[in-house]
Amino acid sequence: MEEDKNLCIVCGQPSNEIYICRDRYNYVRCRYCGLVYLSPQPSQKALRNFYNTAYQVDFLRYKKSILKKAERFLKEISKFARTGSLLELGCSYGFFLKKTEENGWTVKGLEWSGEARDYAVHKLRLDVSAESLLELTLTQRKFDVVTAWHVLEHLADPQEELVNTRKILNPKGIFTFTTPNIDSLQFRLLGNKWEWISPPAHLYMFGLSSISHLLEKNGFEILKLETRRGDSKGLIFQYIQWLLKMIYLILTFPFGEIFKKSRLEECKILNDEKHGANARKPSQPVKYVYQTVGERVLYFLTEVISTLIYPLRKIIYKNNLGPEILVIARKVEKNSI
Ligand SMILES: [Zn+2]
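Now for a look at the structure at hand. (Residues numbered from 1 in each chain as written. Predicted model: local features only at pLDDT ≥ 70, side-chain atom pairs only at ≥ 80, totals over all residues.)

### Comments concerning the packing of helix H2 (residues 59-78) against helix H3 (residues 95-102)
Between H2 and H3, whose axes approach to 9 Å, the crossing angle comes to 40°. Regarding the angle of H2 to H3, the classification is oblique. Like other packed secondary-structure pairs, H2 and H3 cross with a definite hand, here right-handed. Residues Lys63, Ile66, Leu67, Ala70 and Leu74 of H2 form the contact with H3, whose own contacting residues are Phe95, Phe96, Lys99 and Thr100. (Axes fitted to C-alpha atoms, helices over the stretch in contact; angles between N-to-C directions. Helix = DSSP H or I, 4+ residues; strand = E, 2+ residues; numbered from the N terminus. Parallel < 35°, antiparallel > 145°, perpendicular 65-115°, else oblique. Left-handed = near helix turned anticlockwise from the far one by under 90°. Contact = placed C-beta atoms within 7 Å.)

Now the structure itself:
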């Protein structure tokens, strides 16, 4: 069963205008604050099933990318907070936490994937648990900084998570995170083919306006809000990859199957009946760039082009059109909200 949820979590207004369709999933856009969200929202059971079967984090690529940006994130954080205690929501294998610990912080992570958590606990010897943020708030433990890299868009209730984040922070504590930018140039040009339109993993897609509203509503003062390339593969790479995929599909199209269409349809119906709502095929995770030689070459070439057009990209990011949003916010006291 799927729960219908048509009230915007940021402004509470109803919305049912379909904005994006992908793999039989629909996203609606709130016409008041611009929040884009999956509607109806999948049930917790369907999500668990999806994360256990179809969703994967590429270990090597993740390690490489997080280690590269950890230094930069820590530098950004140090502008607003002294070295103290840090909690990472959705810390995955724990590479960012390890780097943070090496820099003198006391760290703690929350991770729901058993495989990633085991690695963080046993290989990296980190304090990582599977409890929810709400459960952690009950322990009365407090942190100076909470981080969440590409996590907010996956949460069933980001509003509740912000309430709990505020609770777990020390006075004037810092909450910093990254999330895809639905108002980015990449989304405007690629539409539902954009790499980060990935239902049902991404339940909420924020823009600068909706994320600012959500933070302010929950007692946070924004210290830094910018758009950047972040974890994106880049516009040119995604365009060429899509084009190559189309060529491949045309070249390998099984023309003979056209005449067997009725039989295929029959099989599909039987399959749907057999597996119920979960038979809906989830969006397959895009194959990562390091997986094949062809993709590596393509990635290298588009990186060269990206470097050459860096001044142009900088203008795009300055105009808040970059694919990723980076936020640094500070908890403010209730009476000053
Ligand atoms: Zn709204």
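### Re the pairing of strand S2 (residues 25-29)
Walk down a regular strand and you will see the side chains alternate between the two sheet faces. Judged by how many residues are buried, S2 sits mostly within the fold: four of five residues are covered. Pairing geometry for strand S1 (residues 18-22) and S2, over four bridges, is antiparallel. Counterpart to Cys21 in the pairing with S2 is Asn26. With antiparallel pairing between neighbouring strands as the criterion, S1 and S2 make up a hairpin whose turn holds two residues, including Asp23 at a positive phi of roughly 50°. (Buried ≥ 20, exposed ≤ 12 C-beta atoms within 10 Å, placed from the backbone. Pairing = 2+ DSSP bridges.)

### Quick word on unusual backbone geometry
That bond from Ser39 to Pro40 is cis: its omega, 0°, falls within 30 degrees of zero. Structurally, the position occupied by Pro40 is in the loop between strand S3 (36-38) and helix H1 (44-53). Each neighbour pair has its own omega, and for Pro199 with Pro200 the value is 0°, a cis peptide bond. Note that Pro200 resides in the loop between helix H7 (185-190) and strand S9 (204-205). The residue Ser92 is not glycine, and still its phi comes out positive at about 50°. Locating Ser92 in the fold gives a position in the loop between strand S4 (85-89) and H3.

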